[in-house]
Amino acid sequence: EPEVTQTPSHQVTQMGQEVILRCVPISNHLYFYWYRQILGQKVEFLVSFYNNEISEKSEIFDDQFSVERPDGSNFTLKIRSTKLEDSAMYFCASSETLGYGYTFGSGTRLTVV
Amino acid sequence: KQEVTQIPAALSVPEGENLVLNCSFTDSAIYNLQWFRQDPGKGLTSLLLIQSSQREQTSGRLNASLDKSSGRSTLYIAASQPGDSATYLCAVPPYSGGYQKVTFGIGTKLQVIP
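Figured I'd write up the structure that's included with this text. Here the structure is a predicted model, which means the values were calculated and not measured.

## Looking at the overall build of chain A
Consideration 1: What chain A contains, in helices and strands, is 0 helices and 11 strands.
Consideration 2: Along chain A, from the amino end to the carboxyl end, the secondary structure elements read β-β-β-β-β-β-β-β-β-β-β.
Consideration 3: Over its C-alpha trace chain A gives a radius of gyration of 13 Å, about what one expects of a compact globule, namely 13 Å for 113 residues.
Consideration 4: Reported as C-alpha extents along the three principal axes, the dimensions of chain A are approximately 35 × 25 × 25 Å.
Consideration 5: Out of the 113 residues belonging to chain A, those deemed buried represent 46%.
Consideration 6: Considering only residue pairs separated by 6 or more positions, chain A has 54% of its internal contacts joining residues 24 or more positions apart.
Consideration 7: Surface accessibility of chain A: about 5,600 Å² in total, with carbon and sulfur atoms responsible for 45%.
Consideration 8: Put simply, chain A has 9 plus and 14 minus side-chain charges, and the middle of one group is 4 Å from the middle of the other.

Rendered as structure tokens:
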């Protein structure tokens, strides 16, 4: 069964450093998403991406965050200057059509120290 | 703004018992509803997706129902096994309008005791 692949599975970074989280969505999917889950809290929407541009973003997704699809397969989330409160599990997801049948990756646990 | 609530927050049952997890949502204008399983520190595994036009969806020992008008969905697990121990999340995409944000419940943490 097709999978969404995320790397790395765990990343530790110092406060103020830039991090890039990587994702390979399912190949025939057109919509890509990033969600995050702070420990003990709900999974929260960050951003959706379609046709090489952001289609929707939440209030969490401020200027410190950016997304990119640098080639035909990868989808990345960059946090420019990490803060302690950015520590969370970050999930990439993709879907073939809008709002239908999301497939999530196994997540990247980001720890900011 | 869509709000998704899951009850109970945690549930502990003996192996073999049938159980029901509940999900409620405030805006009934939904496209579909998806149930996920999350193991500790792991990703989200899709279990069942119910379209807004459907009332039920089954996969093995799992049965999910949807009552859109009352804003409720249930996940029924038959003959529970220790391997079913996980957190179960309910997720609701918006109906349309170009909005793509999926709203999740906080989940029900299930423990099945051997």
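On we go from here.
## Things to note about the packing of aromatic side chains
Consideration 1: Applying the stated criterion to the full structure yields 14 aromatic pairs over all chains.
Consideration 2: Members of the aromatic cluster, joined through ring pairs, are Y33(A), Y35(A), F45(A), F91(A), Y102(A), F104(A), F36(B) and F104(B).

## Description of the state of the cysteines
All names here are of chain B.
Consideration 1: Under the defined criterion, the tally for this structure stands at 2 disulfides over all chains.
Consideration 2: Between the sulfur of C23 and that of C90 lies a disulfide, 1.9 Å long from S to S. Disulfide C23-C90: torsion about the S-S bond near -55°, hence left-handed. Here C23 is found in strand β3 (residues 19-25), whereas its partner C90 is found in strand β9 (residues 86-92), with 67 residues between them in sequence. For the pair C23 and C90, a shared accessibility class is recorded, and that class is buried.

## Quick word on the interface of chain B and chain A
Consideration 1: Taken together, the 23 residues of chain B in the interface contact 23 residues of chain A.
Consideration 2: Both faces combined, the contact of chain B with chain A buries some 1,900 Å², and carbon together with sulfur accounts for 57% of it.
Consideration 3: Sorting the residues of chain B by area buried against chain A places L44(B), Q100(B) and F104(B) first, and these three jointly supply 32% of that buried surface.
Consideration 4: Counting every contact that joins chain B to chain A gives 0 salt bridges.
Consideration 5: Taken together, the connections running from chain B to chain A amount to 6 residue pairs in polar contact (both at pLDDT 80 or more).
Consideration 6: Contributions of two or more residues to the side of chain B that touches chain A are made by β4 (32-38) and β5 (44-51) of chain B.
Consideration 7: Residues that form the side of chain B that touches chain A fall into these classes: 11 nonpolar, 10 polar and 2 charged.

## Section: the sheet that holds strand β7 (residues 62-67) of chain B
Residue and element names in this part refer to chain B.
Consideration 1: The 5 strands are arranged β1-β3-β8-β7-β6 in an open sheet whose pairing can be described as antiparallel. Of all strands in the sheet, those with a lone pairing partner are β1 (4-7) and β6 (56-59), marking the two edges. Recorded for the sheet is a direction-independent mean angle of 15° between the axes of neighbouring strands.

Rules and cut-offs
- Residues numbered from 1 in each chain as written.
- Chains lettered and ligands numbered in written order.
- Predicted model: local features only at pLDDT ≥ 70, side-chain atom pairs only at ≥ 80, totals over all residues.
- Heavy atoms only, no water.
- Helix = DSSP H or I, 4+ residues; strand = E, 2+ residues; numbered from the N terminus.
- Rg over C-alpha atoms; globule rule 2.2 N^0.38 Å.
- Buried < 20%, exposed > 50% of the residue type's maximum accessible area, 1.4 Å probe, protein only.
- Contact = heavy atoms within 4.5 Å.
- Areas by Shrake-Rupley, 256 points an atom, 1.4 Å probe, with all protein chains shown as cover.
- Lys, Arg positive; Asp, Glu negative; His and termini not counted.
- Charge placed at Lys NZ, Arg CZ, Asp CG, Glu CD.
- Phe/Tyr/Trp six-rings, centres within 6.5 Å; stacked < 30°, edge-to-face > 60°.
- Disulfide = S-S within 2.5 Å.
- Buried area = accessible area lost by both parts, 1.4 Å probe.
- Salt bridge = Lys/Arg side-chain N within 4 Å of Asp/Glu carboxyl O.
- Polar contact = N/O pair within 3.5 Å; in protein donor to acceptor, adjacent residues only side chain to side chain.
- Nonpolar A, V, L, I, M, F, W, Y, C, P; charged D, E, K, R; others polar.
- Pairing = 2+ DSSP bridges.
- Axes fitted to C-alpha atoms, helices over the stretch in contact; angles between N-to-C directions.

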